[in-house]
Amino acid sequence: MDAIYDDPCFLDELKSCIMTRPNASAETAKKELDLMNNVTLNIAVTGESGVGKSTLVNALRGVREGEIGSAETGVTETTMMATRYTHPSMTNVFIWDLPGIGTPNFKAKTYLKDVCFETYDFFIIIGTVRFKENDLKLAKEIKKRKKMFYFVRSKIDHDISAEARKQNFNEEKVLNQIRLSCKDNLRTIGNPDVFLISTCQLEKYDFQKLIDSLINNLSDHKRSALVQSMPACSLPMIEQKKRELYKIAFAVAAAAATSAAIAIPGLSVGCEIGVMQGFLKKAHVSFGLDAESIKRIATRINKPERELRIAMTSRFANGINERVVVGMFANRSVITAKAFEVVLSGILGLGSLAAMGISFTTTLHLLQEGIKEMTDDAKAVLAIALSFEK
């Protein structure tokens, strides 16, 4: 896009940045970026034994069962203590596999104390067939202590598979029946929403609705961490990631712009390349386009990695490195802007602020272009993965 400066919206943004972005604003952006990168999110997954807690923990982390670092799964209770699992790409996101409530070592009466209730931002309570008495007691206690909880009915794919053998099968009708049965089961605690999910097929059923509900009840920074950490398992999820990464890109560009005020040729571009490379690597992983994520998807669908890679057409198809990021600056408009920025940075007063404005706007533009390209790659990879899973 060589003609970025012909865009009236771009020019308005540039003018605004030149006139209103002093050093104080850049410092604020750095603090905001630090909060975004370091806020912690603790997700508790709980319920009675054998309902699939560990399987959901693995699914939320994008980790295969049996993989090194995965939560142990089984038909009986395998979690003997509250176990914290760090998200493989978001080290500030922790998903806790809690022991089943009502097990010998974790009595319902003292459960929340035993698992350190205050640690968690919210609770996901899993059940199959029916939510049990202990699940209801737990929800009431969580509600009393003013934290959020979400009921998840798991293994929906098993129910659908069983019902599909019957005559006049209607999937939507079966799902509604299950949902109504769950709500009736939970009527004593105020008719909460119930999310029907399959940990083997997160793109189906109510997983996206669950994430949307979580997003609506989290603070801005924790919401950002959640969206970035979730698997890119559906088109709505990929779009959510794009929107969230756009917000972060704004803070990244503003933080990087401070070097433009210093009249040392090359300093601004050098700083921007480093900051951009770090951000784009993080975005690449969030979209599930990094080598490890592609390997996991290929293993899941039992296809060679190359069948996924051929769908990736962006400049980031082979990863993020300095050469790729430097290449993003190699168009006429950006080169002209960066040269103008160097001249302005040597002018006392308004010149340095104008240079910061140009730095901010060009960096933001390049980051947004990168996010758009990765969004397209993620959608293409998802389409291929889903076609093999059918």
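Residues numbered from 1 in each chain as written. Predicted model: local features only at pLDDT ≥ 70, side-chain atom pairs only at ≥ 80, totals over all residues. Heavy atoms only, no water.

Participant: Before we go on, may I ask you to explain the overall build of the chain in this structure?
Facilitator: A tally of regular secondary structure across the chain gives 16 helices and six strands. Expressed as a percentage of the 390 residues in the chain, the buried residues total 52%. The contacts in the chain between residues at least 6 apart in sequence include a share of 70% that link residues at least 24 apart. Per element, the accessible surface of the chain, about 18500 Å² overall, is 55% carbon and sulfur. (Helix = DSSP H or I, 4+ residues; strand = E, 2+ residues; numbered from the N terminus. Buried < 20%, exposed > 50% of the residue type's maximum accessible area, 1.4 Å probe, protein only. Contact = heavy atoms within 4.5 Å. Areas by Shrake-Rupley, 256 points an atom, 1.4 Å probe, with all protein chains shown as cover.)

Participant: Looking at this structure, how should I read helix 8 (residues 207-216)?
Facilitator: The periodicity of an α-helix, 3.6 residues per turn, causes residues three or four positions apart to be oriented the same way. With seven of 10 residues buried, helix 8 lies mostly within the body of the structure. Every buried residue of helix 8 is accounted for by F207, Q208, L210, I211, S213, L214 and I215. Check the buried side of helix 8 and you find it contacts helix 3 (53-61), strand 4 (122-127), strand 5 (148-153), strand 6 (194-196), helix 9 (220-229) and helix 10 (235-256).

Participant: Teacher, can you tell me more about the environment of S54 here?
Facilitator: Its place among the elements puts S54 in helix 3. Residue classification places S54 among the buried residues on the basis of a relative accessible area of 6%. For the pair S54 and W96, spaced 42 residues apart in the sequence, the C-alpha separation amounts to 9.1 Å.

Participant: Explain the pairing of strand 3 (residues 93-97) to me, please; I cannot follow it from the model alone.
Facilitator: Successive residues of a regular strand alternate their side chains across the two faces of the sheet. Most of strand 3 is tucked away, with five of its five residues classed as buried. Neither face of strand 3 is open: one carries V93, I95 and D97, the other F94 and W96, and all of them are buried. In this sheet, strand 3 lies alongside strand 1 (residues 41-47) in parallel orientation, the contact comprising five bridges. Bridging from a neighbouring strand, A44 pairs with W96 of strand 3. Note that strand 2 (residues 83-86) and strand 3 share four bridges and pair antiparallel. Note on strand 3: the bridge partner recorded for Y85 is I95. Here strand 2 hands over to strand 3 after six residues, the two strands then running antiparallel side by side. (Pairing = 2+ DSSP bridges.)

Participant: What is the right way to look at the packing of helix 8 against helix 10 in this model?
Facilitator: Helices that pack against each other are described as a pair by the angle of their axes relative to one another and the distance between those axes. Running from amino to carboxyl end, helix 8 crosses helix 10 at an angle of 30°, the nearest separation of the two axes being 10 Å. Of the possible angle classes, the one that applies to helix 8 and helix 10 is roughly parallel. Seen from helix 8, the contacting residues are F207, Q208, I211, D212 and I215; seen from helix 10, they are P236, M237 and Q240. Its residues assigned to classes, the contact of helix 8 with helix 10 shows five nonpolar, two polar and one charged. (Axes fitted to C-alpha atoms, helices over the stretch in contact; angles between N-to-C directions. Parallel < 35°, antiparallel > 145°, perpendicular 65-115°, else oblique. Nonpolar A, V, L, I, M, F, W, Y, C, P; charged D, E, K, R; others polar.)

This is a description of form; function is not addressed.
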